[in-house]
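Spelled out, the chains give:
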Amino acid sequence: MDNRELWSILGMNLEKHDEFLAPVPQIATELFFNRPNRPKAMGYFDMVLGDVHGIRVKELYEMKQQGKKVFSTFCVYVPEEIIVATGSACIGLCAGAQYPISTGEKVLPRNLCPLIKSTLGFKLDGICPYFQVSDWVIGETTCDGKKKAWEILNQYIPTYVMELPQKKEEKDYKLWEEVVSEFAAFVEKETGVELTEENLALGLEKVNRKRQALKRLADLRKHKPSPIHGLDVLLINQLAFFDDPERFATQVNLLCDELEERVKEGVGVVAVDAPRVLVTGTPQPLPAWKIHALIEKAGAVVVGEETCTGERYFKDLTEAASSKEDLLKNIAKRPMQVNCACFTPNTGRIDDILHMAENLQADAVIDSNLQFCQPYGIESFTVSKEMEKREIPYLRLESDFSDEDQGQLLTRIEALLEMIKV
């Protein structure tokens, strides 16, 4: 079965899909494939990117033919260990492109986060095969925009919503444990697979191996000169939400083996004195590469991401346990350690930024936020005050997924880098 036949079976709008994908090969070539001195092990991730709507989608379709389920998510708070434990697939969704936003705005306000508008647009346009192959979307209440958008999305694809607490007190942990327990029962019902100590432990192990591989990759970025471009790592982090977890972990570890050799030999992708930037802020879902691309075009290297498509996703592992009840408690405990701006207060995020900046030897912090994202937009005030207090060069950027502001953004980034060099 070729891709177009599969897309037709999935009910996609092939004309719009062709239009959406048309510029991708050139963009991918310019941003990734033509970069000099890239690690050879990036070949696997380049291959996945080159057929991002084909290879994995076929696997998921074949899983469904075998009676398994596909659950799609937008957030690191959804406990993928539970889904993986049943032999089902947990995947991310298309959400980082400008193309479908005009369609999203037909059902959503224009002054809403572009990630949410892009998401709805992808589904309404029928151009995201991951949407089309999914049985369920798992939403969560991380912001008011998402919370209300799930009501609309549920009219087009079954959408299950998990209620995330807004604080981190004892009662909030108990609430989240109940929510996770209810979600586990829902997954059991939908898949027809009973969760046991054995399969939960296996699901936990598979997902932890993926997180451990990403942690290993993140730690290698602390070296000078940087052995890998930040844009390449961003791509890998984005693909972590789509690929088979075991295969993905194997490929990331192969890349890390190569990077460790580079570190020993002092081989880098940039000069040893290239400015090193830590990016913080809102997620950068596939294919949102603009900010990283501009930072590295200006001569710097991105050495870390304090984002949900970065450190927040993999920094904490889920602890093992000897009973189903304790495994579910530990699965609930891990995401509550993630310091998302939806929580109040959220002082842990400042600690994360400062720790990463020191560990990665960052010369500056760029706080990159999507337009109309209220939680992160407001929290930028606290981040900026703390960076000023610590005398860490800092820049706040606000943008969407369009290309219209690239010149303005590049000018501001270059000004920050000039300040570092002085």
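Structure: see above.
Conventions and cut-offs
Residues numbered from 1 in each chain as written. Predicted model: local features only at pLDDT ≥ 70, side-chain atom pairs only at ≥ 80, totals over all residues. Heavy atoms only, no water. Helix = DSSP H or I, 4+ residues; strand = E, 2+ residues; numbered from the N terminus. Rg over C-alpha atoms; globule rule 2.2 N^0.38 Å. Buried < 20%, exposed > 50% of the residue type's maximum accessible area, 1.4 Å probe, protein only. Contact = heavy atoms within 4.5 Å. Areas by Shrake-Rupley, 256 points an atom, 1.4 Å probe, with all protein chains shown as cover. Lys, Arg positive; Asp, Glu negative; His and termini not counted. Charge placed at Lys NZ, Arg CZ, Asp CG, Glu CD. Phe/Tyr/Trp six-rings, centres within 6.5 Å; stacked < 30°, edge-to-face > 60°. Lys NZ or Arg CZ within 6 Å of the ring centre and 35° of its normal. Pairing = 2+ DSSP bridges. Axes fitted to C-alpha atoms, helices over the stretch in contact; angles between N-to-C directions. Disulfide = S-S within 2.5 Å. Parallel < 35°, antiparallel > 145°, perpendicular 65-115°, else oblique. Left-handed = near helix turned anticlockwise from the far one by under 90°. Nonpolar A, V, L, I, M, F, W, Y, C, P; charged D, E, K, R; others polar. Right-handed = clockwise from strand over helix to strand, strands pointing away. Salt bridge = Lys/Arg side-chain N within 4 Å of Asp/Glu carboxyl O. Polar contact = N/O pair within 3.5 Å; in protein donor to acceptor, adjacent residues only side chain to side chain.

**Topic: the overall build of the protein**
Piece 1. In terms of regular secondary structure, the protein is built from 20 helices and eight strands.
Piece 2. Relative to the globule expectation of 22 Å for 422 residues, the C-alpha radius of gyration of the protein, 21 Å, shows essentially globular dimensions.
Piece 3. Principal-axis analysis of the C-alpha atoms gives the protein an extent of 60 × 50 × 45 Å.
Piece 4. For the protein, the proportion of its 422 residues judged to be buried stands at 59%.
Piece 5. Within the protein, contacts between residues at least 6 apart in sequence are counted, and of these 75% link residues at least 24 apart.
Piece 6. With the model as given, the accessible surface of the protein reaches about 17,500 Å², and the carbon-plus-sulfur share is 49%.
Piece 7. The protein carries 50 positive and 66 negative side-chain charges, and their two centres are separated by 1 Å.

**A short note on the packing of aromatic side chains**
Aromatic rings in a pair are described by how distant their centres are and how their planes are angled relative to each other.
Piece 1. For the coordinates displayed, the defined rule picks out 15 aromatic pairs.
Piece 2. Note on F20 and Y99: the rings are 5.6 Å apart at their centroids and 50° apart in plane angle, and the pair reads as tilted. Of the two residues, F20 sits in helix α2 (residues 14–21) while Y99 sits in the loop between β2 (89–91) and α7 (101–104), which places them 79 residues apart along the sequence.
Piece 3. A centroid spacing of 6.1 Å and a plane angle of 35° characterise the contact between F183 and F186, whose relative ring orientation is tilted. In this pair, F183 and F186 both sit in helix α11 (residues 170–191), three residues apart, roughly one turn of the helix.
Piece 4. Here F186 falls in the buried class, since its relative accessible area comes to 10%.
Piece 5. Taking NZ or CZ as reference, K168 lies 4.6 Å from the ring centre of F343, over its face.

**Some details on the sheet that holds strand β5 (residues 276–281)**
Piece 1. Pairing is parallel across the open sheet formed by four strands, whose spatial order is β6-β5-β7-β8. The sheet terminates laterally at β6 (301–306) and β8 (394–399), the two strands that pair on one side only. Ignoring which end each strand starts from, the neighbouring axes of this sheet average 25° apart.
Piece 2. By the bridge criterion, five bridges tie β5 to β6 in an arrangement that is parallel. Residue pairing in the sheet places V279 in a bridge with E305 of β6.

**Focus on the state of the cysteines**
Piece 1. Enumeration according to the criterion identifies one disulfide in this entry.
Piece 2. The disulfide partner of C94 is C128, and the S-S distance across this bridge is 2.4 Å. Judged by the torsion about the S-S bond (75°), the C94/C128 disulfide is right-handed. One end of the pair, C94, is in the loop between β2 and α7; the other, C128, is in the loop between α8 (114–125) and α9 (129–133), and 34 residues separate them in sequence.
Piece 3. The class for C94 is buried, based on a relative accessible area of 7%.
Piece 4. By relative accessible area, C128 is classed as buried at 0%.

**Thoughts on the packing of helix α13 (residues 230–239) against helix α15 (residues 290–297)**
Piece 1. Two elements in contact, α13 and α15, have axes separated by 9 Å at closest approach and are oriented at 165°. Judged by the angle between their axes, α13 and α15 are roughly antiparallel. Remark: the crossing between α13 and α15 carries left-handed chirality. Between α13, through G230, L231 and L234, and α15, the contact on the second element is made entirely by H292, A293 and E296.
Piece 2. Residue classes in the contact of α13 with α15 are distributed as three nonpolar, two polar and one charged.

**Description of the environment of P375**
Piece 1. As for its position among the elements, P375 is in helix α19 (residues 374–389).
Piece 2. Residue P375 is classed as partly exposed on the basis of its relative accessible area, which comes to 26%.
Piece 3. In sequence terms P375 and A185 are 190 residues apart; their C-alpha atoms lie 31 Å from each other.

**Digging into the pairing of strand β1 (residues 70–73)**
Piece 1. Judged by which residues are buried, β1 turns out to be covered on both faces: V70 and S72 on one side and F71 and T73 on the other are all buried.
Piece 2. Pairing of β1 with β2, which is carried by three bridges, proceeds in the parallel orientation. Opposite F71, over in β2, you have C90 as the bridge partner.
Piece 3. Between β1 and its parallel partner β2, the chain crosses via helix α6 (residues 80–85), and the hand of that crossover is right-handed.
Piece 4. Note: β1 against strand β3 (residues 136–140), three bridges, orientation parallel. When the sheet's bridge partners are listed, F71 is paired in β3 with W136.

**Section: the pattern of salt bridges**
Piece 1. One pass over the structure, following the stated rule, counts 38 salt bridges.
Piece 2. The partner of K64 in a salt bridge is D135, with the nearest N and O atoms 2.7 Å apart. Remark: D135 occurs in the loop between α9 and β3 and K64 occurs in helix α5 (residues 55–65); sequence separation between them is 71 residues.
Piece 3. For K64, a relative accessible area of 24% translates into the label partly exposed.

**Quick look at the side chain of R221**
Piece 1. Note on placement: R221 falls in the loop between α12 (197–220) and α13.
Piece 2. Within the structure, R221 has its side chain in polar contact with the backbone oxygen of V302 (distance 3.0 Å).
Piece 3. What R221 contacts, discounting residues up to four positions off in sequence, is I228, G230, V233, R276, V302, V303, G304, E305 and L360.

Any functional reading would require information that these geometric values do not contain.
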